[in-house]
Amino acid sequence: MAEDLAIERAKKLFGAEHVNVQPYSGSPANQAVFFALLNLGDTFMGFDLSAGGHLTHGSPVNFSGKQYNCVAYNVEKGSELLDYDKIKKQAMTVKPKLILSGLTAYPRKLDFKAFQEICDEAGAYHMSDIAHIAGLCATGVHESPVPLADVVTTTTHKTLRGPRGGMIMCKIEDKFDRNGKKNLAQKIDSAVFPGLQGGPHDHVNAAKAVAFGEALKPGYRDYCKQIVKNAKALAETLMDKGLELVTGGTDNHLMVIKLVNKGLTGKGKEVQNALDGAGITVNKNTIPYEPATPFNPSGIRLGTPAITTRGMKESEMKVIGECIAKVIDNYTDKRVIERVKSDILELCKDFQLYPGMEVLR
Ligand SMILES: *Cc1c(COP(=O)(O)O)cnc(C)c1O
């Protein structure tokens with residue numbers, strides 16, 4: 001069965017004790033874990049959305065913030081980095097039932113060992129959401145939480161480069177309920193089905209099996225290493241061009257440009273659209289302690305996985321970084337945007353999405 005093959009490969013790829021590949025996507029995977037381990041109204045700690053967490057990590061507009069009591073941890077104001085001693089102190093006061101480690105827009109490595117220690121001391125479940133960095137974790141390019149955390153969730157469509165979907169990995173034993181009727185793996189499985197979902201999406205499970213198979217090949221590790229090298233090269237170019245990055249750089253696959261020093265506070269959406277017009281896809285994003293609003297935020301987030309898949313390396317990052325800086329400095333100038341667009345199309349000619357196909361003009 002496709003599902004069994006996907007499970008078997010995921011276990012091998014991540015060294016997980018137990019795997020459930022049925023979650024329809026990353027958000028339902030997280031919902032299933034909360035459903036399995038928390039009661040409505042229980043307290044948990046998650047990463048503040050504006051500084052790098054995900055909506056499902058306790059945002060007030062999301063089920064995770066509405067149905068549970070989320071106390072967010074945040075980055076430090078000056079460094080924009082997580083301070084694990086401070087998070088530990090906060091956890092000892094809050095006494096959450098679960099602590100969620102994971103990122104959507106934090107450009108630095110997460111210290112999963114530190115999170116584990118905090119959970120051990122505070123008596124909390126450790127849930128880790130590696131949606132963005134799963135590929136890096138699977139290949140040792142980033143530390144993996146799988147040997148440590150009670151539960152690890154992920155999407156299968158970000159650095160894992162598979163179909164849109166979700167997955168949950170967990171320990172078999174529930175450390176807080178050793179003699180319970182169900183072990184942790186059984187709790188997770190029954191929270192997914194029948195707790196939350198109906199029938200499995202086997203067409204997606206088949207694609208997950210293919211993606212995990214690809215990730216088990218040696219070339220995938222080179223791909224993940226190149227993603228990080230490319231991100232560093234792109235970050236260097238952007239900073240050379242006078243742009244400010246959240247935390248002053250990147251250790252992973254992503255970076256967030258702060259538009260504040262360019263006088264573009266709250267203009268993330270306009271800059272995103274200008275870059276779109278030049279053939280460069282980015283996301284508007286909040287920056288830590290966002291001075292504007294989530295709908296008109298002051299940052300843009302970009303990552304290197306997709307362009308690395310096309311075969312681009314450090315020298316292309318320099319070209320792209322210069323193009324991005326040019327558009328940001330002239331985001332209302334249609335002529336500049338058109339010129340950059342033709343440069344980008346020229347670059348893409350040598351890096352076909354599907355080798356052999358012409359770039360669509
Ligand atoms: C993308 C993401 C999700 C949600 O995934 P969907 O498949 O869009 O529901 C959850 N957690 C993190 C950390 C993410 O980056």
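Keep in mind it's a predicted model, so treat the numbers as computed, not measured.

A. Examining the overall build of the protein chain more closely. Of regular secondary structure, the protein chain possesses 13 helices and 11 strands. In terms of overall dimensions, the protein chain is globule-like: its C-alpha atoms have a radius of gyration of 21 Å, near the 21 Å expected for 361 residues. Considering only C-alpha atoms, the protein chain reaches an extent of 70 × 45 × 30 Å along its principal axes. The buried share of the protein chain, taken over its 361 residues, is 53%. Long-range pairs, those at least 24 residues apart, make up 69% of the contacts in the protein chain between residues at least 6 apart in sequence. Carbon and sulfur atoms form 52% of the exposed surface of the protein chain, whose accessible area is close to 15800 Å².

B. Geometry of the site of the ligand. Neighbouring the ligand are 15 residues, the closest being Ser25, Ser27, Asp129, His132 and Lys158. Here Ser25 contributes a side-chain N or O atom positioned 2.4 Å from an oxygen atom of the ligand. Contact between the ligand and Lys158: an oxygen atom at 2.8 Å from a side-chain N or O atom of the residue. Expressed as a share of its isolated accessible area of 380 Å², the protein-covered part of the ligand is 88%. A total of 3 residues in the shell around the ligand trace back to one element, the largest contributor, which is helix H2 (residues 26–37). Within the shell around the ligand, the residues separate by chemical class into 2 nonpolar, 10 polar and 3 charged.

C. Spatial organisation of the layout of surface pockets. Put simply, the second largest pocket is a space of about 670 Å³. Together, 27 residues line the second largest pocket, and Leu49, Ser50, Leu55, Thr286 and Pro294 are the ones closest to its centre. Listing elements by their share of the lining of the second largest pocket, those giving two or more residues are strand S3 (69–73) and strand S10 (283–285). At 3 residues, S10 tops the list of elements feeding residues into the lining of the second largest pocket. Tallied by class, residues from the lining of the second largest pocket come to 12 nonpolar, 11 polar and 4 charged.

D. Seen up close, the sheet that holds strand S2 (residues 43–47). Pairing is mixed across the open sheet formed by 7 strands, whose spatial order is S1-S7-S6-S5-S4-S2-S3. Unpaired on one side and paired on the other, strand S1 (18–20) and S3 mark the two borders of the sheet. Each strand of the sheet is rotated relative to its neighbour by a mean of 20°, with strand direction disregarded.

E. How the structure looks around the sheet that holds strand S11 (residues 299–303). If you trace the 4 strands from one edge of the open sheet to the other, you get S8-S9-S11-S10, paired in antiparallel fashion. The sheet is open, and its two edges are formed by strand S8 (244–245) and S10, each paired on a single side. Where S10 and S11 come together, 3 bridges link them in antiparallel fashion. Looking at S11, one finds that Lys284 is bridged to Ile300. Helix H9 (residues 218–240) contacts S8, strand S9 (254–258) and S11 of the sheet and is inclined by roughly 15° relative to S9. Lying on the sheet, helix H10 (residues 268–277) is in contact with S10 and S11; it crosses S11 at an angle near 40°.

F. Here's a closer look at the pattern of salt bridges. All chains considered together, the criterion is met by 16 salt bridges. Between Arg178 and Glu173 there is a salt bridge, with the nearest N and O atoms lying 2.4 Å from each other. Arg178 sits in the exposed class, given a relative accessible area of 53%. Accessibility expressed as a relative area gives 44% for Glu173, which makes it partly exposed. For Lys187, the salt bridge identified is with Asp177, shortest N-O distance 2.7 Å. Residue Lys187 is located in helix H7 (residues 184–196), and its partner Asp177 is located in the loop between strand S7 (166–170) and H7; the two are separated by 10 residues in the primary sequence. Judged by its relative accessible area of 29%, Asp177 falls in the partly exposed class.

Parameters at a glance
- Residues numbered from 1 in each chain as written.
- Predicted model: local features only at pLDDT ≥ 70, side-chain atom pairs only at ≥ 80, totals over all residues.
- Heavy atoms only, no water.
- Helix = DSSP H or I, 4+ residues; strand = E, 2+ residues; numbered from the N terminus.
- Rg over C-alpha atoms; globule rule 2.2 N^0.38 Å.
- Buried < 20%, exposed > 50% of the residue type's maximum accessible area, 1.4 Å probe, protein only.
- Contact = heavy atoms within 4.5 Å.
- Areas by Shrake-Rupley, 256 points an atom, 1.4 Å probe, with all protein chains shown as cover.
- Near = heavy atom within 4 Å.
- Polar contact = N/O pair within 3.5 Å; in protein donor to acceptor, adjacent residues only side chain to side chain.
- Nonpolar A, V, L, I, M, F, W, Y, C, P; charged D, E, K, R; others polar.
- 1 Å grid on protein atoms, 1.4 Å probe; cavity = no way out; pocket = protein on both sides within 12 Å on 5 of 7 lines; lining within 4 Å.
- Points joined across faces, edges and corners; volume = space filled by probe spheres on them.
- Pairing = 2+ DSSP bridges.
- Axes fitted to C-alpha atoms, helices over the stretch in contact; angles between N-to-C directions.
- Salt bridge = Lys/Arg side-chain N within 4 Å of Asp/Glu carboxyl O.

None of this, on its own, says anything about what the molecule does.
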